[in-house]
Structure formats: structure tokens, C-alpha cells
Amino acid sequence: MTAAVTALASPPVASSAALPALRWALARDLKLALRSRGELGVQLLFYVIVVSLFPLATTPERNLLSTMGPGVLWVAALLASLLSLPRLFAGDFADGTLEQIALSPYPLAALVSGKVLAHWLTTGLPVAALAPLLGLQYAMDAESLTVLTAALLLGTPILSLLGAIGAALTLGLRSSGSLLALLILPLYVPVLIFGAGAVDAARAGLGVSANFSLLGAGLIAAMVGAPFAAAAAVRIALD
Amino acid sequence: MAPNWFRFSSPATFYPLAGAMIPWFGWAAAILAAIGLYVGLVVAPTDFQQGDAYRIIFIHVPAAWMSMFLYVVMAFWSALALGFNTRLSAMMAQAIAPTGALMTFVALWTGAFWGRPTWGTYWAWDARMTSELILLFLYLGIIALRHAIDDPRRADRACGVLALTGVVNIPIIYFSVQWWNSLHQGSSVSLTRSPSMAAIMLTGMLIMSLAAWFYAIAAALARVRTIMIERERGAVWIGELAELRQR
Amino acid sequence: MSAFFAMNGYGFYVWTAYGVAALALVAELVALRARRRAVIEEARALASESGNERETQR
């Protein structure tokens, strides 16, 4: 672990070394995540259980369920994202690795991007992959399931990107989990609206291009802006 | 002009200036509010469609405008604080947040009580109300983050980043909810006012808006003075303040 | 006068709205004053402490 970090710190690099930095952070975080597969499994199980709770609490009536389905799956995806965000920076922060990473000559925004990508691959992507299966619990038809999955694939990276800002801002604070939720959920609302709305739009025959374009635009904006905001927040937390 | 501005960027020099400004803005707000309320509650005629319930707009609209305006001002001070690393700019941002949150709450509450008699429901998920609710969460988030961080300088910067992230998101939230709501056009609740408004009603609203603005300035200045004493505790100028010597 | 309070039947809504707004205003002013008072007390206590310290150090 330390060897890998010092290897990062030593070679002289130009500031255009963003891509190697991203690859390094991605590889490292994926390796770490795969070592704690149990934790990832638990978070995914949380998602599945939350989704199963709603029909139990409301109604098993198929029409109502299929109307509710996209929304429930999206909200559960938001909650699953919130649950997993603290591990983005907290582990490294606790043992001092984050400080080393921030001190390295590589651009911090690129390193953060690598971490966020790893987070999405281990959280957002599984959530999107499970959606078709869980959507069946909500009597959703094939077209709705396709649209929902595609929307989740577009939207969950945005959740990881925006969430990284919140995770960095709340590093090391008491009750950081609930605080993170309070800070990030208002920012998640547009993603939720356009993402869940895509299925409604498809069912209403309005076509999904508007929703997907907006989600896509949001994704690009988040990819451009969020790593820098999160990097700034990391530096603020480390000072 | 530039040297004059920066002279007041030190808490020691701004403290007395703010103290002098507060009574002016406070009294101006009180007088304007008295006039505005008289116009709104007494002079303005009863609305043909909504009856006297419409008179709530004389509180609701100014509060809503201020809630959004104050957020932008707070974001502006946050940007200054992050850019120039000045303590006072951060303190101004810190001072504005609670007043902004309060305006948002008042806007939501008065909006609900306007909606019930006129459109039949206290709450509807339309663009304005939902965006205003999320604005309240944004304010509360910034205040919560401020309380959660012990180091004031870290809190300044973290709240600054959060405020700026939020301000980018406010128009997005509004358009996303408006767009979402337009899909559900079957909704029988529509909260858009009739476009033509009697001149006297508009006058009343503008006077109340001005009153709300001056009130917000006075409240923020009063709060920033207290924040200054809180945070600049060791400074010599604090020890020499008249307030501390009085018994 | 009672017509003013009745607001043609909408009195409950109008006055609740205005009332809560007034309450919010009062709450903010009270909170401002309380916070200022507490902070000044604390600053005073701190100032007199350090003043006493300097006295005894002489």
C-alpha cells in the first residue's frame, strides 16, 4: 500500500499526467473494493431489500406498482449511493493516505475522478444491472425496464460524481452520514426527476430523447465540474 | 475607490460601520412595511376571483423573492471568500444563511395558506413550491455543515464550496421540476397567478419587497457583528469595544 | 373592523399566514439578541480573565 503511494509521489510528471493518475486511482480503488467484497454485497442487498419494502407497505396491485416502480427503484438507487459514498474518501483519510495522494504531483482532480469511477463501477453499475430483475417485482413491462436501466446507467455516474463532493466536504465530521444525505439529496433531485421521468415519458408516448439528452448533459457537466469541486473539498478537509 | 473598499474588509473597521447602518435599514424596513401592509390590507381592493385570500401575496411574494435573492448574495460572498481568502466575506455568507432559510420557510408557509382557499390544497408538487422546498433544504444543509465543522476557516471554505455548488443547481432544480410538472398536465391545481394585476396590488408587493430587502440587510448586518465578536475573540479591537466595558 | 378581521370569510388563512410570518420575524430578532448577549458575556468573561492574569503576573 505505502509502496504504491510512494511510487505515485516520486516520478516527475507534467500536469498533463491526468490519465495515468486516473488509471492509478481507479486500479487502486477497485483492488481495495474487491478485497472487501462483503461490504459491496451488503450495500447491494440493502438496495434489494428497500425496493422490496414498498409493495409490502403499499399495495400489491399491479397497476399501482408499475406506476410506482421507476420512482421506487430510483429512490433506492439514491439511498444506496448515499450509503456507499463515505467509503470513497474516509478510509484513505483515516490512515493518512489521502494526504499523501493530495501531496503528489499528479492533479488531484484526476485522482478523484479515478476514485469516483471505481465507486460507480462497484455501486452504480450493479444497481443499474439489477434494475431489470427488480423491475419485474413491480410488474413493469420490457420497454419500461429497458428505459429504466438505460436511465440508471446514465444517471448513477452523476450520483457518484455529485456524491464525491459531499463525501469530501463531510470528511471526518460527526454524523457525517446523515449530514452527507442532507447536503447531497437536494442536488440529486434533478437527476431523480429526469431519470424516473424517462420511463413515464416513454409510457406516455412522448419519447425519451429529452430526458436522456438532459441526463447526458448533466453527466458531461458533472464529469467536467465535480472532480474539481471534490478536489477543492478534499484540500479543505485536509488543511 | 478601490482602496476605500478594502479598508472595510477588515472586521475591525467594518464592525462600527455595520453598527451605524443597522438602524437606518431597520427603520426603513419598518416604515416601508407599515406602508406596504396598509396598501395591501386596506387600500387594495378585493380580488374578483380569489376574494381577500389573495392578500397573502403581500407577504408570500416578497419572502419568495428574498429567499432566492439572499441565496445568490450568499453565494457571491462565498465566492469572494474562496477567491480572496478574506474572513469578512465568509462571515457575511455565514450571516445571511439563517435569514435566507427563514424567508424560504415563510414563503412556503404563506404559499400553503394561499393555496388552500384558492386552489383547494395546502400543498401541490408544482415547480415553484417544490423548488422552494429544495431551496430550504439547501439552506439548512449549509447551516448544518457550518455547525458540524469546528474549525471556522475550514467551515468557511466548505460552506463556500457547498453554496456555490447549490447556486449552480438552483435554476436546474427549477427547470427540472417545471418540466416534470408539465408532463402531469392533468393536474387540476395551477398556481400561476392571473397575469394582469391591478396597479395598486403591484405597488403594495413592491413596497413589501423593498421592506423585506432592507430587513434582511439589517438582520444580516446584526448577525455578522455577533459573528465577528464570536470569531475574533482574541483581537485587541474586541477588547476595546464599548459593549464589553458596560456593566 | 370585524370585516377587516373576517376578510370575507378568508380570515383564518390570511391571518394564519400573516401571523406565522410575524412570529418568524419576532423569532429571528429574539434569537439575534440572545446570541449577541451570550457572545458579549463570553467575550467579557474572557477579557476579564486575561486582565486578571496580567495583573497577577506583575
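Please read these numbers as outputs of a predicted model, since none were measured by experiment.

The helix and strand tally for chain B stands at nine helices and zero strands. Secondary structure of chain B in N-to-C order comes out as α-α-α-α-α-α-α-α-α. Classification of the 247 residues of chain B by burial places 49% in the buried group. Contacts in chain B between residues at least 24 apart in sequence constitute 80% of all its contacts with a sequence separation of at least 6.

Before going further, it helps to spend a moment on the interface of chain C and chain B. The interface is formed by 21 residues belonging to chain C together with 28 residues belonging to chain B. Taken together, the residues of the side of chain C that touches chain B sort by class into 15 nonpolar, two polar and four charged.

Membership of the largest hydrophobic core comes to 171 residues, with the highest contact counts inside it found for A:Ala168, A:Ala233 and B:Leu145. Sort the elements by how many residues they give to this core and helix α7 (residues 199-231) of chain B lands first, with 19 residues.

Turning our eyes to something else, we now look at the packing of helix α9 (residues 176-203) of chain A against helix α5 (residues 127-148) of chain B. Put simply, α9(A) and α5(B) touch, their axes get as near as 9 Å, and they point 150° apart. Overall, the two elements α9(A) and α5(B) adopt an arrangement that is roughly antiparallel. Helix-helix and strand crossings are classified by hand; for α9(A) and α5(B) the assignment is left-handed. Between α9(A), through A:Leu179, A:Leu182, A:Leu183, A:Pro186 and A:Val189, and α5(B), the contact on the second element is made entirely by B:Ile134, B:Phe137, B:Leu138, B:Leu140, B:Gly141, B:Ala144, B:Leu145 and B:Ala148.

Of all residues in chain A, 93% attain a pLDDT of 70 or more, and the chain-wide mean is 90. Mean pLDDT values for the elements of chain A range from 52 in helix α1 (residues 2-9) of chain A up to 95 in helix α8 (residues 142-169) of chain A.

Residues and elements named next belong to chain A. Residues other than glycine seldom take positive phi values, yet alanine 139 does so here, at roughly 55°. Relative to the assigned elements, alanine 139 resides in the loop between α7 (108-137) and α8. Residue class for alanine 139 comes out partly exposed when judged on the 18 C-beta atoms lying within 10 Å of it. In this structure, serine 175 is a non-glycine residue whose phi angle is positive, near 45°. Inspection of the secondary structure puts serine 175 in the loop between α8 and α9.

Moving on, we get to the interface of chain B and chain A. Opposite the 22 residues of chain B that make contact, chain A presents 22 residues. Going through the elements one at a time, α5 and α6 (152-183) of chain B are the ones with two or more residues in the side of chain B that touches chain A. Ranked by the residues each element gives to the side of chain B that touches chain A, the list is headed by α6(B), at 13 residues. Residue classes in the side of chain B that touches chain A are distributed as 16 nonpolar, four polar and two charged.

This part is about the confidence of the model for chain B. Residue and element names in this part refer to chain B. Confidence in the prediction of chain B, expressed as mean pLDDT, is 86, and 89% of residues score 70 or more. The low-confidence segment residues 185-191 (pLDDT under 50) makes nine contacts with residues lying over four places distant or belonging to another chain. For this predicted complex, the interface confidence reaches an ipTM of 0.86, while the overall pTM sits at 0.88.

Scoring rules and cut-offs
- Residues numbered from 1 in each chain as written.
- Chains lettered and ligands numbered in written order.
- Predicted model: local features only at pLDDT ≥ 70, side-chain atom pairs only at ≥ 80, totals over all residues.
- Helix = DSSP H or I, 4+ residues; strand = E, 2+ residues; numbered from the N terminus.
- Buried ≥ 20, exposed ≤ 12 C-beta atoms within 10 Å, placed from the backbone.
- Contact = placed C-beta atoms within 7 Å.
- Nonpolar A, V, L, I, M, F, W, Y, C, P; charged D, E, K, R; others polar.
- Core = buried A, V, L, I, M, F, W, Y, C linked by C-beta atoms within 7 Å.
- Axes fitted to C-alpha atoms, helices over the stretch in contact; angles between N-to-C directions.
- Parallel < 35°, antiparallel > 145°, perpendicular 65-115°, else oblique.
- Left-handed = near helix turned anticlockwise from the far one by under 90°.
- pLDDT = per-residue confidence, 0-100.

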